[in-house]
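Single-letter residue listing:
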Amino acid sequence: MTDISKKKATIYDLSILSGASPSTVSAVLNGSWRKRRIKEATAQLIQNLANEHGYTANLQARGLRSSRSGLVGLLLPVHDNRYFSSMAQSFEAQVRSRGQCPLVVSACRDPEEERQVVETLISYSIDELFIAGATDPDGVHKVCEKAGLKHVNIDLPGTLAPSIISDNCEGARMLTQAIIERAQEDGPLSPDDLYLFGGRNDHASHERIRGFRDVKRALLGADPDVCIQPTGYSPAMTARAFETFYEGHGKLPRAFFVNSSINLEGLMRFLALHPHETFADIIVGCYDYDPFGSFLPFPVFMIRQDSEAMITKGFAILDADRGAPITHLVRPTLVPPRTALTGPLDALKDIE
């Protein structure tokens, strides 16, 4: 048997150790073994041997043989957000399961920075790109198209490439209905008692506002324009909007919809400066999910977006080489408030 104890293991070494052909070993290591109908037991044996003998793929050599680098990129708007960090985790896990290497970068919601970052990724010969929450997805598309780079949009749609996004309108309908029904348990709710804070001039915000207004008009009969308070994705501006409302009315609305966890952070900043009585009877809906919401002293309904399903669908589109600019909707999930007794304990299970 070949002695590989003092040298880096190769595919051929693992072939001898496992009794499988070099092509079988290669398929296991690059993640394509299921397509080859290789037995799971064989794949597990080869993976265990690769770990035991310190095998690492030579991506440069693989790229020269296949004209592929094995690198897959994800462009995010920001990193410091639970939704996008969760998306990045799902992306990295799926890329690695395919035997490829993930590259995750951000462009700070700056369209020029988005294009420059993508040009840099292209210089590293990435094979595919997921464009998440881009300010100018069509501008990024043109850069990708010029380089012949396969790509999909995630979270925010473009008009020139396939897009996979949350069904924001339906999610907003679910969230708004839940807020209204919970608030009405404490008494009648007028249209002026329910506000929306947050969002900006983008597709997701427009769809969430549309869903909010549809349900509010259906259940409460009206939706005055003043009840929509767009603050952008800024905790500071959201806190300022709550402060302005409070100064003008001497209280907060009985119920309100916040457009994202970033806007929820703005609410927390406002509440930190005011006594408990300010928010003792409010009902909140947040179009995002954070388990810490269960620890707040008032009911918080949340929408959990399925970023894992979006990434899975994105790979399916790229693998099928379907480049038509179709928008695919992924249904989100409504997460109701925890009960007072079980909420914090159950919420801890979601915090890792």
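Residues numbered from 1 in each chain as written. Predicted model: local features only at pLDDT ≥ 70, side-chain atom pairs only at ≥ 80, totals over all residues. Heavy atoms only, no water.

> What am I meant to see in the overall build of the chain here?
Secondary structure summary: the chain contains 13 helices and 12 strands in total. With respect to the principal axes defined by its C-alpha atoms, the chain has extents near 80 × 50 × 35 Å. Across the 352 residues of the chain, 49% fall into the buried class. A sequence separation of at least 24 residues applies to 67% of the contacts in the chain between residues at least 6 apart. Looking at the chain as shown, the accessible area adds up to about 17200 Å², and 52% of this sits on carbon and sulfur atoms. Each charge sign in the chain was given a centre, from 37 positive and 43 negative side chains, and these centres are 8 Å apart. (Helix = DSSP H or I, 4+ residues; strand = E, 2+ residues; numbered from the N terminus. Buried < 20%, exposed > 50% of the residue type's maximum accessible area, 1.4 Å probe, protein only. Contact = heavy atoms within 4.5 Å. Areas by Shrake-Rupley, 256 points an atom, 1.4 Å probe, with all protein chains shown as cover. Lys, Arg positive; Asp, Glu negative; His and termini not counted. Charge placed at Lys NZ, Arg CZ, Asp CG, Glu CD.)

> Before we go on, may I ask you to explain the packing of aromatic side chains in this structure?
Describing an aromatic ring pair means giving the distance of the ring centres and the angle of the ring planes. One pass over the full model with this rule turns up 15 aromatic pairs. The interplanar angle of 40° and the centroid separation of 6.2 Å between the aromatic rings of Phe-292 and Phe-295 together place this pair among those described as tilted. With a relative accessible area of 38%, Phe-295 lands in the partly exposed category. Three or more aromatic residues joined by ring pairs make a cluster, and in this case those are Tyr-195, Phe-197, Phe-242, Phe-245, Tyr-246, Phe-256 and Phe-270. Looking at Arg-304, its charged tip hangs above the ring of Tyr-289, at a distance of 4.0 Å from the centre. (Phe/Tyr/Trp six-rings, centres within 6.5 Å; stacked < 30°, edge-to-face > 60°. Lys NZ or Arg CZ within 6 Å of the ring centre and 35° of its normal.)

> What's the story with the side chain of Ser-18 in this structure? I'm lost.
The residue Ser-18 is located in helix α1 (residues 11–18) in this model. Engagement of the side chain of Ser-18 in a polar contact is seen with the backbone nitrogen of Ala-20, the distance being 3.2 Å. Those residues in contact with Ser-18 that sit more than four places away from it in its chain are Val-25, Leu-45, Ile-46 and Leu-49. (Polar contact = N/O pair within 3.5 Å; in protein donor to acceptor, adjacent residues only side chain to side chain.)

> What should I look at first to understand α1 in this one?
Since there are 3.6 residues in each turn of an α-helix, residues three or four apart along the chain are aligned in direction. For α1, the set of buried residues is Ile-11, Asp-13, Leu-14, Ser-15 and Ser-18. Its buried side turned inward, α1 meets α2 (22–29) and α3 (40–52). Immediately beyond the C-terminal end of α1, within one or two residues, lies Gly-19, with a positive phi of roughly 80°.

> How should I be thinking about the pairing of strand β9 (residues 283–286) in this particular structure?
Every regular strand shows the same layout, with side chains that alternate between the two sheet faces. Burial along β9 is two-sided: the face carrying Ile-283 and Gly-285 and the face carrying Val-284 and Cys-286 are both buried. Pairing analysis gives four bridges linking strand β8 (residues 255–258) to β9, with the strands arranged parallel. Each bridged residue has a counterpart across the sheet, and for Phe-257 the counterpart in β9 is Gly-285. A crossover connection joins β8 to the parallel β9 through helix α11 (residues 261–271); in handedness this β-α-β unit is right-handed. Bridge count between β9 and strand β10 (residues 300–304): three bridges; the pairing is parallel. When the bridges of β10 are listed, Val-284 appears paired with Val-300. (Pairing = 2+ DSSP bridges. Right-handed = clockwise from strand over helix to strand, strands pointing away.)

> Looking at this structure, I do not really get the nonpolar core. What am I missing?
Considering soluble globular proteins, one finds that nonpolar side chains tend to be buried as a cluster. Phe-242, Phe-256, Val-258, Leu-267 and Val-284 are the most contacted members of the largest nonpolar core, which totals 22 residues. Elements represented by at least two residues in this core include exactly β6 (194–197), α10 (235–249), β8, α11, β9 and β10. For this core, the element with the highest residue contribution is α11, accounting for four residues. Leaving out residues up to four positions away in the same chain, Val-284 has contacts with Phe-256, Val-258, Leu-264, Leu-267, Phe-298, Pro-299, Val-300 and Phe-301. (Core = buried A, V, L, I, M, F, W, Y, C linked by side-chain atoms within 4.5 Å.)

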